[in-house]
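# Coordinate inspection notes
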Amino acid sequence: MTIQASYHFPRGFLWGTATAAHQVEGNNTNNQWWEWEQDGYTDGKSGLACDWWGGRWREDFDRAAEGQQNAHRLSVEWSRIQPTPDTWDEDALEHYRNMLRGLRERGMTPMVTLHHFTDPLWLGDGWETGAAVSAFEKFVRKTVEALKEYCTLWCTINEPNGYALNGYVNRGVAMFPPGKNNTRLAFRVMAIMVRAHAAAYHAIHDIQKEARVGYALNYRSFVPYRTWSPLDKLSVKTAFNALNIGFPSALATGVMHSPLGSIKVPEAKGTQDYFGFNYYTRDYVTFDLRKPKTLFAHNFFAKDADLSDNKFIANEPEGMFDGLKWIVRMFPNLPILITENGIEDADDHMRPRYLAQHIHQIWRAVNFNWPVKGYFHWSLVDNFEWERGWTQRFGLWGLDIETQKRIKRPSADLYAEICKENGLTSEMVSKYCPEAFEKLFPV
Ligand code: BGC
């Protein structure tokens, strides 16, 4: 017998997808990632990507709107808007105004990210020296002034912790540019990003009173491998503090904590109007003397984990709930947006259950009255996955990069039903991921 049951969300909940300029636009030749790709550090090149700069954003926004989404998170490309330190490209700004108008016309609330991993080439080592702080603020002022008619929801920096750690700590896997190996410098870069975020926060509020400004944290959940072991618990703390704690601590207290010590950033205290939360997966952590580089913390997925195509992500929905709980304790009453969540799964055998199970955990949080206000699935359509290039497919829609043809995955239909219903029902689970039924609707 099928149980008729549903998990509903509050009225006005934002349901969308997220994208980033470099991953979808194509031909972003003037930033450090393009150079990194030409130098052979990525698995394939971004090339034309999803050709949004060529205008295909229109058809993809149509797909999102037909898919019942009422919001979309996109990013603008700094190197297009400010091709040299002294020039602004008004046509590029007009292009983004058209896109935001396009979202509005389709009934979707735009959320704009101002920095999503890419820097204009002229910025050089600005995130190391600190020169990026005033440069970013200048860029933000210009851009927000140009786009403010269409957007009030801003994300200053996407995953500053990801930018700093993937670019400056060599863990033996492919890296982000600049591909250095200097943990101290990684945390210095992170602190400079905190200062840039704070400057941008104030700049945006100067320009637009009703603005809501935050950033997006790359959060990973960690649990001890041996629950009884104090050393494993210590290692969880180390891993957690290395990845998750920097920005939140700085914005809560004005002091950025890291495993290598604290850095004062008093101007950052209180500079967020919502908590932007990117959650993908959870690790086990154990203390391992052979891992001095990571301060003896060794992370891995559970042996019986439900793993994605490239074993890049384990389906661990409880980590989403734990993360939300941690946010609420640290920042009571601060609105929360899930700014990213998704999985690479070319044949879509796993995404439907991943999606349903994560949305169920968000529903649990909402039922504690935790102020979760929206969910942005990563991503609308397959796009260029950074150092992993085209080897990972995160889209609700697939993309054939040779022909630019989009191919709908079943998850696109499931997500459309969720957005339309403003919730998840037992019928949807029976139809798209019956294997998760008992977990989601226990008798
Ligand atoms: C990034 C996205 C990326 C996604 C999946 C996130 O960390 O913000 O740009 O595509 O992960 O890899």
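Each remark here, short or long, concerns the structure printed above.
First, a word on what this report is: a plain description of the structure on this page. What you are looking at is a predicted structure, and each value in this text was computed from that prediction instead of being measured.

Let's shift gears to the overall build of the protein. For the protein, the count of helices and strands is 16 helices and 15 strands. Relative to a compact globule of 443 residues, whose C-alpha radius of gyration would be 22 Å, the protein shows 21 Å and is just as compact. Seen along its three principal axes, the alpha-carbon backbone of the protein occupies a region of about 65 × 55 × 45 Å. Evaluated residue by residue, the protein yields a buried proportion of 61% over its 443 residues. Counting only contacts in the protein whose residues sit at least 6 apart along the sequence, the fraction spanning at least 24 positions is 73%. Surface summary for the protein: the accessible area is close to 17,400 Å², and the carbon and sulfur share equals 51%. Here the protein carries 49 positive and 53 negative side-chain charges, and the mean point of each set is 6 Å from the other.

What follows deals with the pairing of strand β5 (residues 153–158). Counting buried positions over the six residues of β5 gives six, a clear majority of the element. Pairing between strand β4 (residues 109–115) and β5: four bridges, direction parallel. Within β5, the position partnered with Met111 by the bridge is Leu153.

To continue, consider the packing of aromatic side chains. Any pair of aromatic rings gets described here by the distance separating the centres and the angle formed by the planes. Enumeration over the complete set of coordinates arrives at 43 aromatic pairs. Relative to Tyr96, the ring of Trp53 has its centre 5.3 Å away and its plane inclined at 65°; by these criteria the two rings are edge-to-face. Of the two residues, Trp53 is situated in helix α3 (residues 52–66) and Tyr96 in helix α5 (residues 90–105); the sequence distance between them amounts to 43 residues. A relative accessible area of 1% means that Tyr96 is categorised as buried. Aromatic pair Tyr219 and Trp326: ring centres 5.2 Å apart, planes at 35°, arrangement tilted. Taken as a pair, Tyr219 in strand β6 (residues 212–224) and Trp326 in helix α12 (residues 317–330) lie far apart in primary sequence, 107 residues in all. What links up through ring pairs into an aromatic cluster is the set Tyr215, Tyr219, Phe240, Phe247, Phe275, Phe277, Tyr279, Trp326 and Phe331. Note that Arg80 overlies the ring of Trp53, its terminal NZ or CZ placed 3.9 Å from the centroid.

With that out of the way, let us pick up the site of the ligand. Surrounding the ligand, one finds Gln23, His116, Phe117, Asn158, Glu159, Tyr280, Glu340, Trp378, Glu385, Trp386, Arg388 and Phe394. Gln23 places a side-chain nitrogen or oxygen 2.8 Å from an oxygen atom of the ligand. Arg388 is positioned such that a nitrogen or oxygen atom in its side chain is 2.9 Å from an oxygen atom of the ligand.

The next thing to look at is the environment of Asp125. Here Asp125 shows up in the loop between β4 and α6 (126–129). Through-space distance from the C-alpha of Asp125 to that of Val189 is 9.8 Å; in sequence the pair is 64 residues apart.

This paragraph deals with helix α11 (residues 246–253). Of all eight residues making up α11, six are buried, and the element is well covered by its neighbours. Residues of α11 that are buried include every one of Gly246, Phe247, Pro248, Ser249, Ala250 and Leu251, and no others. Positive backbone phi, at 85°, marks Gly254, one or two positions downstream of α11.

Soluble globular proteins tend to bury their nonpolar side chains together. One finds Leu114, Trp127, Phe136, Trp154, Phe275, Phe277 and Leu324 to be the most contacted residues of the largest nonpolar core, which totals 129 residues. Top element by residues in this core is helix α9 (residues 183–207). It accounts for 16 residues. Setting aside residues no more than four positions away along its own chain, Phe277 makes contact with Leu217, Tyr219, Met320, Gly323, Leu324, Ile327, Ile336, Leu337, Ile338, Thr339 and Glu340. Core analysis: the next-biggest nonpolar cluster, separate from the first, contains 18 residues, Ala20, Leu153, Ile313 and Phe376 among them.

Once that is clear, we can look at the side chain of Thr19. Mapped onto the elements, Thr19 comes out in the loop between β2 (14–18) and α1 (21–24). At a separation of 2.9 Å, a polar atom in the side chain of Thr19 contacts the side chain of His72. Once you skip the residues sitting within four places of it in the chain, Thr19 turns out to touch Val24, Trp52, His72, Arg73, Leu74, Ser75, Trp378, Ser379 and Leu380.

Their axes nearest at 8 Å, the elements α12 and helix α13 (residues 351–366) cross at an angle of 30°. On the basis of the axis angle, α12 is roughly parallel to α13. Seen along the crossing, α12 lies across α13 with a hand that is right-handed. Within the contact between the two elements, α12 uses Pro317, Glu318, Met320, Phe321 and Leu324 and α13 uses Gln357, His358, Gln361, Ile362, Arg364 and Ala365. Among the residues making up the contact of α12 with α13, the classes are represented as six nonpolar, three polar and two charged.

The rules behind each value
- Residues numbered from 1 in each chain as written.
- Predicted model: local features only at pLDDT ≥ 70, side-chain atom pairs only at ≥ 80, totals over all residues.
- Heavy atoms only, no water.
- Helix = DSSP H or I, 4+ residues; strand = E, 2+ residues; numbered from the N terminus.
- Rg over C-alpha atoms; globule rule 2.2 N^0.38 Å.
- Buried < 20%, exposed > 50% of the residue type's maximum accessible area, 1.4 Å probe, protein only.
- Contact = heavy atoms within 4.5 Å.
- Areas by Shrake-Rupley, 256 points an atom, 1.4 Å probe, with all protein chains shown as cover.
- Lys, Arg positive; Asp, Glu negative; His and termini not counted.
- Charge placed at Lys NZ, Arg CZ, Asp CG, Glu CD.
- Pairing = 2+ DSSP bridges.
- Phe/Tyr/Trp six-rings, centres within 6.5 Å; stacked < 30°, edge-to-face > 60°.
- Lys NZ or Arg CZ within 6 Å of the ring centre and 35° of its normal.
- Near = heavy atom within 4 Å.
- Polar contact = N/O pair within 3.5 Å; in protein donor to acceptor, adjacent residues only side chain to side chain.
- Core = buried A, V, L, I, M, F, W, Y, C linked by side-chain atoms within 4.5 Å.
- Axes fitted to C-alpha atoms, helices over the stretch in contact; angles between N-to-C directions.
- Parallel < 35°, antiparallel > 145°, perpendicular 65-115°, else oblique.
- Left-handed = near helix turned anticlockwise from the far one by under 90°.
- Nonpolar A, V, L, I, M, F, W, Y, C, P; charged D, E, K, R; others polar.

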